[in-house]
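An overview of the molecular structure
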Amino acid sequence: MLARAAIFVVLGIALGGILDLATKWCPSKLDRYLYALDRTYGTPAAFVVGRWFAASPVLYRFEALIYYSLPLAMAALYAAHLKWRPKADPSIYVNAVVGFSLYFLYPASGPVYAFGHAFPWQPPAALALTPVAIGHPPNCVPSLHLADVLFLWWNLRGWRRARPVALAYLLLTSLATLGSGEHYLTDLFMAFPYALLMQAVATRAPGKRFSLAAGAVMTFGWMALLRWRVLVLIGTPVLLWSLTAATIVAALWCERRLWQRGVAAAPRPEGVQSFDARGTGPEPYPSAWILPNPACDNGIAEAVTGKLGRAAAGD
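Taken as a whole and judged by the stated rule, the model has 11 aromatic pairs. A centroid spacing of 5.9 Å and a plane angle of 70° characterise the contact between Trp25 and Phe104, whose relative ring orientation is edge-to-face. Here Trp25, found in helix H2 (residues 7-25), pairs with Phe104, found in helix H7 (residues 94-105); they are 79 residues apart in sequence, far enough to count as distant. Judged by its relative accessible area of 60%, Trp25 falls in the exposed class. For Phe104, a relative accessible area of 24% gives the class partly exposed. Arranged with centres 5.2 Å apart and planes meeting at 70°, the rings of Tyr41 and Phe189 form a pair that is edge-to-face. Of the two residues, Tyr41 is situated in helix H3 (residues 31-41) and Phe189 in helix H11 (residues 185-201); the sequence distance between them amounts to 148 residues. You'll find Tyr41 and Phe189 in the same group, each marked buried.

Turning our eyes to something else, we now look at the pattern of salt bridges. For the structure on display, the rule yields one salt bridge. A salt bridge links Glu255 to Arg157; its shortest N-O distance comes to 2.8 Å. Taken together, the residues Glu255 in helix H14 (residues 237-262) and Arg157 in the loop between helix H9 (144-154) and helix H10 (162-179) connect sequence positions 98 residues apart. Classification of Glu255 as buried rests on a relative accessible area of 4%. For Arg157, a relative accessible area of 7% gives the class buried.

Okay, helix H5 (residues 57-68) next. Compared with an ideal rise of 1.5 Å per residue, which puts 12 residues at 16 Å, H5 spans 16 Å between its outermost C-alpha atoms and is within 8% of the ideal. Every buried residue belonging to H5 is among Glu63, Ile66 and Tyr67, and all of these are buried. All buried residues of H5 fall inside an arc of 95° around its axis, so they share one side. Turned more than 90 degrees away from the buried face of H5 sit Val58, Arg61, Leu65 and Tyr68, all of them exposed.

Once that is clear, we can look at the confidence of the model for the protein chain. Confidence in the prediction for the protein chain averages 80 pLDDT; 75% of positions are at 70 or higher. Counting contacts from residues 86-90, a segment whose pLDDT is below 50, to residues more than four positions away or on other chains yields five contacts. Across residues 271-315, confidence stays below pLDDT 50; counting only partners more than four residues off in sequence or on other chains, it has 197 contacts.

Its place among the elements puts Asp38 in helix H3. No salt bridge is formed by the buried Asp38, whose closest oppositely charged neighbour, Arg39, lies at an N-O distance of 9.7 Å.

As a further point, take a nonpolar patch on the surface. A surface patch of nonpolar side chains, about 200 Å² in accessible area, is lined by Val232, Leu239 and Leu243. Along the polypeptide, Leu239 turns up in helix H14.

Let us now look at the environment of Pro193. Its location among the elements puts Pro193 in helix H11. Pro193 sits in the buried class, given a relative accessible area of 0%.

Look at H5 against H10: their axes get within 9 Å of each other, and the N-to-C directions meet at 110°. One way to sum up the angle between H5 and H10 is to call them roughly perpendicular. Between H5, through Phe62, Glu63, Ile66 and Tyr67, and H10, the contact on the second element is made entirely by Tyr169, Leu172, Thr173, Leu175, Ala176 and Thr177. Among the residues making up the contact of H5 with H10, the classes are represented as seven nonpolar, two polar and one charged.

So, on to the nonpolar core. Core analysis: the biggest nonpolar cluster contains 69 residues, and Leu37, Tyr106, Val141 and Leu226 have the highest contact counts within it. Considering every element that reaches this core, the biggest residue donor is H11, with 11 residues. Ignoring anything within four residues of it in the chain, the contact list for Leu37 reads Thr186, Leu226, Val230, Leu233, Ile234 and Leu240.

Conventions adopted
Residues numbered from 1 in each chain as written. Predicted model: local features only at pLDDT ≥ 70, side-chain atom pairs only at ≥ 80, totals over all residues. Heavy atoms only, no water. Phe/Tyr/Trp six-rings, centres within 6.5 Å; stacked < 30°, edge-to-face > 60°. Helix = DSSP H or I, 4+ residues; strand = E, 2+ residues; numbered from the N terminus. Buried < 20%, exposed > 50% of the residue type's maximum accessible area, 1.4 Å probe, protein only. Salt bridge = Lys/Arg side-chain N within 4 Å of Asp/Glu carboxyl O. Expected span 1.5 Å × (residues − 1). Arc of directions from axis to C-beta. pLDDT = per-residue confidence, 0-100. Contact = heavy atoms within 4.5 Å. Lys, Arg positive; Asp, Glu negative; His and termini not counted. Patch = residues over 30% accessible without salt bridge, like charges linked within 9 Å, V, L, I, M, F, W, Y side chains within 5 Å. Areas by Shrake-Rupley, 256 points an atom, 1.4 Å probe, with all protein chains shown as cover. Axes fitted to C-alpha atoms, helices over the stretch in contact; angles between N-to-C directions. Parallel < 35°, antiparallel > 145°, perpendicular 65-115°, else oblique. Nonpolar A, V, L, I, M, F, W, Y, C, P; charged D, E, K, R; others polar. Core = buried A, V, L, I, M, F, W, Y, C linked by side-chain atoms within 4.5 Å.

Given below as structure tokens:
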């Protein structure tokens, strides 16, 4: 396990270099457009949550712990999966490659870097919608941090009591990404179709092409809208909200469909035992799994994708 985990040291160095390259190649960031989109949703959410954190040191420290604890949470799930399928899988690198490539397509850094001391107390009332030079890596769109927690929630179906904990962790991480100033509300919504795409890539299941295509269309469709039709979205709140709601619902539905058709219907592997203290059989385990990547979100761990098999597990 330790030997295989060493790949993340290599990934951390390599992907950190890619972020440096992205900083040089993309000096102009599109943060002002994302901020305008957040205002179109109704309020600059990052500034609102950031003020909660600034006003409460206890809340700030707690959410900082949540934000930085993602590598530990992913490592624990990885260790559990490794028990059932120890064979390495090259798809563990897919998420890192795709996620970091998207940073080049839509460079943005986050409100704490775009607005400096104005964050979180002084949200601008109006801004010129132009690219702005920011000396920080573009590691914002989509939020790989939130995508990783979605992976965690989806792939914890086999642990019945841990599933609600994963949902709570998802909600707390959403607040942490906003309150820390690392992300906008818009790129959190972008994490849903991206997570679906990566989950489909990592899953061996009949009918996975539908989820794969849906994730790809929604992910790159949103990237195209943000690049070339962002002013239309900013000027039409109803359209923005409708597209956002449809994207989230579609991503969750497609992921559930992927599970039902390819994972829940699969026979339980021989020799798999349940850790359920009640002595009942475990739920089927997904054939997709996401691994941590220590070089995203300003040096905060993110995730890379891997398939660790259809195994059943209890609590």
